Amino acid sequence: MLSHLRGTFCVLSAGVQRAWSSSSCLFMDPSSPGLVLQSQSTDVFQNLALEDWIDAHVDLQQRSILLLWRNRPAVVIGRHQNPWAECSLPAMRSAQVPVARRRSGGGTVYHDLGNLNLTFFASKKAYDRRRNLKVVTDALRRVRPQLDVQATDRLDILLNGQYKISGTASRLSRKSSYHHCTLLHSADRSAIATLLRPSCPGIRSNATPSVPSPVANLTDHAPSLQWEELLEAVVQQYSSEFGLTSASRCVDPADEVLFPGVGSMEAELCSWEWTFGKTPKFRVETQLELRDEQPVARCSAELQLEVKNGLVETCRVEVPAAWLPERLSASLAQALLGEPFCPHRAAAALSALLRCESRPLHGRLRNLCDVLVAAM
């Protein structure tokens, strides 16, 4: 039995060694000062996990890396943001658009296949966002000299001095850094308007807010600019700026042979605990409009709650006693304590309360529960 376990351990160790050997071949070529990678995936969580893997495992002291990637429709929030305040989660659920929290700061962005993402990896000492943005603006001027593109003091890129075509964010570690930015080629601007609005009214928070800006696509002003042409221009400009001679390489960010352990990084980024549980503490203070069809009547209620780590920490529902007895509104508030700030979990927590209440107040209690869940 012991010899069998020892043999199994040797097999596993050999597999891990082969994985790290493959990674070393990719990232440790001494003849090249840098590398350009193009992700073959359009999954937002896989691509964010690849960013984390490179930042954690690649020695960036002697080389730079540019990662080019794009995603199927997704909303990406900054490390210190509140998803309920930044995006319409009900609309996203309906459209099957995921929300992802990245590890860098900055504001919320919408991704789709018409948006190019660029991640510039370097040592902390070589961290230079202006140089990186110059790669982008010079590439655009190379392929379409008529485009008026400029990097701003906020380190965005504006078209014609007013339309934002690129936003930027970064993360600095002890020795390494990465700076990533978007580049709007032909993104769905109607989706940006629909999805990037608050889910819940009355949020009070110290979370980092996004700064809305008018946006445009490159194809709005250069209709003939093809995706492949843009990609090639960026690769050529980066190679020229950083002295690269080798061609770009396509990689699969889910490849555990090249990127051992990347799957666990992806799993963390997909988790509710990361996406919602890492939200800075916030309060919700909002008015609920109630109605009763038998007989027809209307009433207003006040909802006050605090959410910490994505869980309801305190909750108070103030309803006129003539509309609903205080014991019921207090029981409703108590049922939400400790629950995730999530309509599905809230509805499940309140269903038991509804089952216990008989007519004539059942209809009004159900209406209050429905309106409260909708507010989430």
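Bear in mind that the values here come from a model prediction, so they are computed numbers and not experimental data.

1. Side note on the overall build of the chain
Point 1. Within the chain, the regular secondary structure consists of 13 helices and 16 strands.
Point 2. Looking at the 376 residues of the chain, the share that counts as buried comes to 50%.
Point 3. Long-range pairs, those at least 24 residues apart, make up 74% of the contacts in the chain with a sequence separation of at least 6.
Point 4. When the accessible area of the chain is evaluated, it comes to approximately 18,000 Å², of which 52% is carbon and sulfur surface.
Point 5. Positive and negative side-chain charges in the chain, numbering 41 and 37 respectively, have mean positions lying 3 Å apart.

2. Let's talk about the packing of aromatic side chains
Point 1. Within the structure shown, the criterion is met by 9 aromatic pairs.
Point 2. For the pair phenylalanine 121 and tyrosine 178, a centre-to-centre distance of 5.6 Å together with 55° between the ring planes defines the contact as tilted. Of this pair, phenylalanine 121 sits in strand S6 (residues 115-123) while tyrosine 178 sits in strand S11 (residues 176-184), and the two are 57 residues apart along the sequence. For the pair phenylalanine 121 and tyrosine 178, one class covers both residues: buried.
Point 3. Taken together, the ring pairs connect Trp84, Trp272, Phe276, Phe282 and Phe341 into an aromatic cluster.
Point 4. Above the face of the tryptophan 227 ring, arginine 70 is positioned so that its terminal group lies 4.3 Å from the ring centre.
Point 5. In this structure, arginine 103 packs its charged tip against the face of tryptophan 274, placed 4.4 Å from the ring centre.

3. Quick look at the environment of leucine 118
Point 1. With respect to the helices and strands, leucine 118 occurs in strand S6.
Point 2. Separated by 56 residues in sequence, leucine 118 and arginine 174 place their C-alpha atoms 22 Å apart.
Point 3. With residues up to four places along the chain from it excluded, the contact list for leucine 118 reads Leu66, Leu67, Leu68, Trp69, Val136, His179, His180, Cys181, Leu183 and Val234.

4. Focus on the sheet that holds strand S13 (residues 249-251)
Point 1. With mixed pairing, 6 strands are arranged side by side in an open sheet as S10-S11-S6-S2-S1-S13. The open sheet has two free edges, formed respectively by strand S10 (168-172) and S13, since each of these has just one partner strand. The average angle at which neighbouring strand axes cross in this sheet is 20°, direction not considered.
Point 2. Each of S6, S10 and S11 is contacted by helix H5 (residues 129-143), which is oriented at about 30° to S11, the strand it contacts most.

5. Thoughts on the side chain of asparagine 47
Point 1. With respect to the helices and strands, the residue asparagine 47 is situated in helix H2 (residues 44-57).
Point 2. By relative accessible area, asparagine 47 is classed as buried at 0%.
Point 3. Setting aside residues no more than four positions away along its own chain, asparagine 47 makes contact with Ser39, Ser41, Thr42, Trp69, Arg70, Asn71 and Pro253.

6. Some words on the environment of glycine 105
Point 1. If you trace the backbone, glycine 105 turns up in the loop between strand S4 (99-101) and strand S5 (109-111).
Point 2. With 24 residues separating them in the primary sequence, glycine 105 and glutamine 81 have C-alpha atoms 8.2 Å apart.
Point 3. When sequence neighbours within four positions are dropped, the list of residues in contact with glycine 105 reads Gly78, Arg79, Ala169 and Ser170.

7. Topic: the pairing of S10
Point 1. Two strands pair when backbone bridges link them, and S10 and S11 are joined in this way by 5 bridges, in the antiparallel orientation. When the bridges of S11 are listed, serine 170 appears paired with histidine 179.
Point 2. Where S10 folds back on S11, the antiparallel hairpin that results is connected by 3 residues.

8. Some remarks on the UniProt feature "domain: BPL/LPL catalytic" (unreviewed entry) in the chain
Point 1. Within the UniProt annotation, "domain: BPL/LPL catalytic" (unreviewed entry) is assigned to residues 60-246.
Point 2. Taken end to end, residues 60-246 comprises 28% helix and 28% strand; its first and last C-alpha atoms sit 17 Å apart.

9. Topic: the sheet that holds strand S7 (residues 149-151)
Hydrogen bonds between backbone atoms are what pair the strands of a sheet, whose relative direction is either parallel or antiparallel.
Point 1. Taken in spatial order, the 3 strands of this open sheet run S7-S8-S9, and their pairing is antiparallel. Since the sheet does not close on itself, it has two edges, and those belong to S7 and strand S9 (163-166), each with one partner. Going across the sheet, the axis of each strand differs from the next one's by a mean of 35°, ignoring polarity.
Point 2. When strand S8 (residues 157-159) meets S9, the two strands line up antiparallel, connected through 3 bridges. Paired with leucine 159 across the bridge in S9 is tyrosine 163.
Point 3. Lying on the sheet, H5 is in contact with S7, S8 and S9; it crosses S7 at an angle near 180°.

10. Some words on the pattern of salt bridges
Point 1. Going through the model one piece at a time under the given rule, you end up with 19 salt bridges.
Point 2. Note that aspartate 153 is salt-bridged to arginine 130, the shortest N-O span being 3.7 Å. You can see aspartate 153 sitting in the loop between S7 and S8 and its partner arginine 130 sitting in helix H5, a full 23 residues away along the chain.
Point 3. Put simply, aspartate 138 and lysine 134 hold a salt bridge, and the shortest N to O gap is 2.7 Å. Highlighted residues: aspartate 138 and lysine 134, both in helix H5, separated by 4 residues, approximately one helical turn.

Criteria and thresholds
Every chain is numbered on its own, with residues counted from 1 as its sequence reads. With the structure being a predicted model, the display of local features is reserved for residues of pLDDT at least 70 and the display and counting of side-chain atom pairs for 80 or more, all residues being used for whole-chain, interface and lining totals. Only heavy atoms go into the side-chain values, all of them from the structure, while hydrogens and water stay out. Counting from the N terminus, the helices are the DSSP runs of H or I reaching at least four residues and the strands are the DSSP runs of E reaching at least two. Type-normalised accessible area, obtained with a 1.4 Å probe on protein chains alone, sets the label of each residue: buried when under 20%, exposed when over 50%, and partly exposed for intermediate values. Any two residues having at least one pair of non-hydrogen atoms within 4.5 Å are treated as being in contact. Using a 1.4 Å probe, the Shrake-Rupley method yields the accessible areas, and only the shown protein chains count as cover for residues. Counting rule for charge: Lys and Arg are taken as positive, Asp and Glu as negative, and neither His nor the chain ends is counted. Note on charges: their place is set at NZ of Lys, CZ of Arg, CG of Asp or CD of Glu. Whether two aromatic rings pair depends on their centres lying within 6.5 Å, for rings of Phe, Tyr and Trp, where Trp uses its six-membered ring; planes under 30 degrees apart make the pair stacked, over 60 edge-to-face, and the rest tilted. By definition here, charges over rings are those cases where NZ of Lys or CZ of Arg is within 6 Å of the ring centre and within 35 degrees of the ring normal. Here, any two strands with at least 2 DSSP bridges between them count as paired. Axis lines are fitted through C-alpha atoms, for helices just across the contact stretch, and the angle between N-to-C directions can take any value from 0 to 180 degrees. UniProt positions are given in the numbering used here, feature names are shortened, and annotations may be inferred rather than shown by experiment. A side-chain nitrogen of Lys or Arg and a carboxyl oxygen of Asp or Glu constitute a salt bridge if their distance falls within 4 Å.

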